[in-house]
Amino acid sequence: MWRWVRQQLGFDPPHQSDTRTIYIANRFPQYGHYTPQKFIDNRIISSKYTVWNFVPKNLFEQFRRVANFYFLIIFLVQLMIDTPTSPVTSGLPLFFVITVTAIKQGYEDWLRHISDNEVNGAPVYVVRSGGLVTTRSKNIRVGDIVRVAKNEIFPADLVLLSSDRLDGSCHVTTASLDGETNLKTHVAVPETAVLQTVANLDTLIAVVECQQPEADLYRFMGRMTITQQMEEIVRPLGPESLLLRGARLKNTKEIFGVAVYTGMETKMALNYKSKSQKRSAVEKSMNTFLIIYLIILISEAIISTILKYTWQAEEKWDEPWYNQKTEHQRNSSKILKFISDFLAFLVLYNFIIPISLYVTVELQKFLGSFFIGWDLDLYHEESDEKAQVNTSDLNEELGQVEYVFTDKTGTLTENEMQFRECSINGTKYQEINGRLVSEGPTPDSSEGNLSYLTSLSHVNNLSHLAAGSSFRTSPENGTELIKEHDLFFKAVSLCHTVQISSVQTDSIGDGPWQSSFAPAQLEYYASSPDEKALVEAAARFGIVFVGNSGEIMEVKTLGKLERYKLLHILEFDPDRRRMSVIVQAPSGEKLLFVKGAESSILPECIGGEIEKTKIHVDEFALKGLRTLCMAYRQFTSKEYEEINRRLFEARTALQQREEKLAGVFQFIEKDLILLGATAVEDKLQDKVRETIEALRMAGIKVWVLTGDKHETAVSVSLSCGHFHRTMNILELLNQKSDSECAEKLGQLARRIREDHVIQHGLVVDGTSLSLALREHEKLFMDVCRHCSAVMCCRMAPLQKAKVIRLIKISPEKPITLAIGDGANDVSMIQEAHVGIGIMGKEGRQAARNSDYAIARFKFLSKLLFVHGHFYYIRIATLVQYFFYKNVCFITPQFLYQFYCLFSQQTLYDSVYLTLYNICFTSLPILIYSLLEQHIDPHVLQNKPTLYRDISKNRQLSMKTFLYWTTLGFSHAFIFFFGSYFLIGKDTSLLGNGQMFGNWTFGTLVFTVMVITVTAKMALETHFWTWINHLVTWGSILFYFVFSLFYGGILWPFLSSQNMYFVFIQLLSSGSAWFAIILMVFTCLFLDIVKKVFDRQFHPTNIEKAQMYSNTVAFSDEFIALQPLSRARNQLSKLSLLKQIQVSSAWTPCAVSQKEKQRVHLLEECWSE
């Protein structure tokens, strides 16, 4: 029974089998007692709440926050016992915070509901009862046959049945899923591909068996059993058969597919992954401070309770004549009375905990995040991309980064590949002006100078080659040379997943093709920029990939069209690090072409120029080029039959399919003949070197984590400034065992201690890293901490995340940032404290899963040094100020109890208690936390060392916290005792002869407090705008106007009005005005003196920067921080510049000459 209840509530879902069986068109078997499986509908639900559960669910989530729960308890205590303050004083602020948060969350969820309804209500076409009917997307059921037209989005995960093409293929783009804009080809099984009409599909009797839903976009295993003429035909289904919800149909008129996953079980919906909650260092500090203030609160309540009973130990104070106890009070339990008094004092002092702090911080983070998106310096015009904020909770964490982990390809580089060099059968070539140039003498060259191989597209026969090129060769050697190059570039042209739009291929005739024609006409689409660059290079050299036609791959060689039958594709995976195709040549030969990393290809080769190619690959890598090796294998008929059988068995397996396929792939991809290697260049992005150097100056350690080989990675590191030429480079490579790895780490540690080099760099590969992380984490971390730059090469995605995890949990607990652009970077982006995605050419998966997304790596400097600096300073001041002003607020209440025999009499009116944090003091700090710029942004960006001053959460250190708390207590003492000694005992201050009463005294303290804490905020503000002036002085004015109205009118809805005419009488007293001015001046004078003293005698780097920037800045011009002598020199030049501008205004004829002088002066200033 209990299990059934849990299943109904969704806590314990019913057991499901590992596979699901889907009857196409829901034609269930008529025999036996078949019970069809139950599947969910096609409704997408991204919303969090419903009309029925919004209130309870939202309240439950909000009261899980400690501060909200605490104030709820205080409110309930006020309702249950006799407390000195009204329940409204706690209930109203709590209600305000809960309501504002609920409205914000409810509005966001309402927008999600609108989006869901739009998606779920979209019209779709479904085959039912032999006809095509229109229905809504939410009504699609598993097993329905769905029709999708060109440029429409697939409404569910469909297995392709047929398309308008005879071969049953279609093209889709998955940009909305993984950001890849290339066209992907999907194919139907042959038996259903011919069913291109609704009538034909209505005759289909078939069953799909597939795995249960999972989030992996690129993994799908299943099989289709088709019944034809009482015979069952089984066909394997893989990712190439599955059309994902959210993808779009391209270059295909229409398709029909059967729905296998619907609604929240589609792969798109399963990828709606809620990110793990990341908490910033500021939030952790805030919770620590909250605990300290809770201890202060409880301590004050205990002290007050004890002192009350100590005082009442004397009989005259226990039951004075004016306050006689009732009989019930005399007989009540003293323990219960003590607890009741303790709770009453707890209620009286509870405002020391700032409940509005949380809602203010939430507003500050939400509103402040817009400034990143609005920053034009973070806008990339070429790609029309602006910075995106996916998580506003971590804004201030951008100012605390100590480690940056970056991907290389697409992050530091452009990910725009250009073919540069290649090695063919042991001879190295480079491309110059569309020609392959061999370096050095070739085996068949009679000359020692460079030999040129003309583009093969101009080679129509051997005599042309002999006459028109620099090769001096016999016909036999020439034929062999042509064969080698022909086979190499055919491998490049056939072993890929590149697509061509069918419209573009129509113009390619069967006549002789010229290299000057086709490249301008053909446009290739590829998921990998490497593949596109290689296929384009092959086209330039005469081997042109024309396109796919079903299972036929068409290639033009020297203008002659050749058709290769594509038999199998062995897809790329990160474990094998290679991909292969098996094709049937026009001559009938079965060929395997393999392309992959040299570490995965060379060990499998038994022929070809292996040693020479290996040397060439290393030379390419030293130049920073990306390398791939090409190899091939020819199968006999018997070998191919065995391979075909094994592949069919592995691909139709429903259990352990991936393991079986891996075994078959390993069986196929062996005994290879090496053809050669390719080298493509990936250019560095703009200002990468400057950005990395700035990060290093800011005290941030930069680690590069890449999958490239060691030589390539090191070369790029040197070129981008990650490694310096003068840096001592340490290497941890090719370690084979734990003991060998430990010994090497020990050697590196000793070298670091012995070498008196300022900076060390470390290079480690994936294999060695696995060993180091397995048994020697501490030793490895010890070495890494002493290295200013670390390069990890040959890294798997999970290894990247593990490295970041290791740094995060190290004793120093540093703040980490990960930045990458590809799907393989998602794991490290999610693992780091702050994840940044580059909106690059490898898709949008990294950007979608990141906390922030930018278009270029160079934008990272402004994101950290300017936005991160500002956000951290703003929120650190916000947190400290909130605790300060609440100490100022409640401490006088505590002190007042010493003068009222701890009778729990409140010092302030209940309305003031309620509105102090909500209205009177909330706006100045909120605007400060949004707009404050304590240093010019240009100074921050050009002086990265200022970033060091805010690292390690310095502005929220215990020392700073104690300063603000002490300041709050000292100001509170001045408020209370200043009012007491200046006015409290004077009986002649009011014009009508009346003396000051309790409410007048409390209002005086409150007035001084509101003015002082607001003025204190003004002192902290460096960047004044009209909004700052409005809210700062407007808050004080609002307090006075409100108090006049509140105390000047008898409000009929108030049962008692203690404040009637109190404020007006207070302001009518000259002594009160004198006391207010004197106390405010006294409080702020001490603060001003301290600031002046610190700035003059112990200025921080930030304070120096403020003084210099204020002195050196001229109009919109900016001078980077320099030594004072140089700054003075530049100031003199700028004063002359002012004179030039003034004189130019009066002498128009001299403007051009003056402008030249002005530009020259500015150039001098900037150069210095």
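Thresholds, definitions, all that
Residues numbered from 1 in each chain as written. Predicted model: local features only at pLDDT ≥ 70, side-chain atom pairs only at ≥ 80, totals over all residues. Heavy atoms only, no water. UniProt positions renumbered as here; feature names shortened; annotations may be inferred. Helix = DSSP H or I, 4+ residues; strand = E, 2+ residues; numbered from the N terminus. Polar contact = N/O pair within 3.5 Å; in protein donor to acceptor, adjacent residues only side chain to side chain. Contact = heavy atoms within 4.5 Å. Buried < 20%, exposed > 50% of the residue type's maximum accessible area, 1.4 Å probe, protein only. Pairing = 2+ DSSP bridges. Axes fitted to C-alpha atoms, helices over the stretch in contact; angles between N-to-C directions. Parallel < 35°, antiparallel > 145°, perpendicular 65-115°, else oblique. Left-handed = near helix turned anticlockwise from the far one by under 90°. Nonpolar A, V, L, I, M, F, W, Y, C, P; charged D, E, K, R; others polar. Expected span 1.5 Å × (residues − 1). Arc of directions from axis to C-beta. Phe/Tyr/Trp six-rings, centres within 6.5 Å; stacked < 30°, edge-to-face > 60°.

Labelled according to an unreviewed UniProt entry, the protein appears under the name Phospholipid-transporting ATPase, originating from Bos taurus. Under the Sequence similarities (unreviewed entry) heading, UniProt states for the protein: "Belongs to the cation transport ATPase (P-type) (TC 3.A.3) family. Type IV subfamily." Annotation of the protein in UniProt includes, under Cofactor (unreviewed entry), the sentence "Mg(2+)".

## Some thoughts on the side chain of His760
Relative to the elements of secondary structure, His760 occurs in strand β32 (residues 760-765). At 3.3 Å, the side chain of His760 and the side chain of Asn728 are in polar contact. If we ignore the near neighbours within four places in the chain, the residues touching His760 are Met727, Asn728, Leu730, Ile752, Asp755, His786, Cys787, Ser788 and Ala789.

## Here we look at the pairing of strand β33 (residues 789-793)
For β33, the buried fraction is high: five of the five residues fall into the buried class. Judged by which residues are buried, β33 turns out to be covered on both faces: Ala789, Met791 and Cys793 on one side and Val790 and Cys792 on the other are all buried. When β32 meets β33, the two strands line up parallel, connected through five bridges. Note on β33: the bridge partner recorded for Gly761 is Ala789.

## Looking at unusual backbone geometry
In this structure, Asp671 is a non-glycine residue whose phi angle is positive, near 55 degrees. Along the chain, Asp671 turns up in the loop between α23 (657-668) and β29 (672-684).

## Remarks on the packing of helix α2 (residues 54-62) against helix α4 (residues 87-120)
Put simply, α2 and α4 touch, their axes get as near as 11 Å, and they point 120 degrees apart. By the angle between their axes, α2 is oblique relative to α4. Both α2 and α4 take part in a crossing whose hand is right-handed. The residues of α4 that touch α2, namely those facing Phe54, Asn58, Leu59 and Gln62, are Val97, Ile98, Thr101, Ala102, Gln105 and Gly106. Partitioned by chemical class, the residues of the contact of α2 with α4 number five nonpolar, five polar and no charged.

## Regarding α23
Between its first and last C-alpha atoms α23 spans 16 Å; for 12 residues at 1.5 Å apiece the expected length is 16 Å, and the two agree. Buried within α23 we find Arg657, Leu661, Val664, Phe665 and Ile668. The buried residues of α23 occupy one face: seen down the axis, they fall within an arc of 100 degrees.

## A word on the packing of aromatic side chains
A complete count under the given rule lists 59 aromatic pairs for this structure. Ring centres of Tyr884 and Trp964 lie 5.7 Å apart, and the angle between their planes is 75 degrees; on these two criteria the pair is classed as edge-to-face. Within this pair, whereas Tyr884 is found in helix α32 (residues 860-896), its partner Trp964 is found in helix α36 (residues 958-984), the two being separated by 80 residues in sequence. Owing to a relative accessible area of 0%, Tyr884 belongs among the buried residues under this scheme. Owing to a relative accessible area of 7%, Trp964 belongs among the buried residues under this scheme. Taking 6.3 Å as the distance between ring centres and 5 degrees as the angle between the ring planes, the aromatic pair formed by Phe1040 and Trp1073 counts as stacked. Taken together, the residues Phe1040 in helix α38 (residues 1026-1048) and Trp1073 in helix α40 (residues 1070-1097) connect sequence positions 33 residues apart.

## Quick look at the sheet that holds strand β13 (residues 254-261)
The sheet built from six strands is open, its strands ordered β3-β2-β4-β13-β5-β11 with antiparallel pairing. Edge positions in the sheet fall to β3 (131-136) and β11 (242-243), since each has one partner strand and no second. Two strands pair when backbone bridges link them, and strand β2 (residues 123-128) and strand β4 (residues 145-149) are joined in this way by three bridges, in the antiparallel orientation. Bridging across to β4, Val126 finds its partner in Val146.

## A word on the packing of helix α34 (residues 923-931) against helix α37 (residues 998-1020)
It is at 10 Å that the axes of α34 and α37 come closest, and there the two elements cross at 15 degrees. Comparing the axis directions of α34 and α37 gives the class roughly parallel. Crossing hand, α34 versus α37: left-handed. From α34, Pro924, Ile925 and Tyr928 reach across to α37, where they touch Thr1014, Met1017 and Glu1020. A breakdown of the residues in the contact of α34 with α37 according to their chemical character gives four nonpolar, one polar and one charged.

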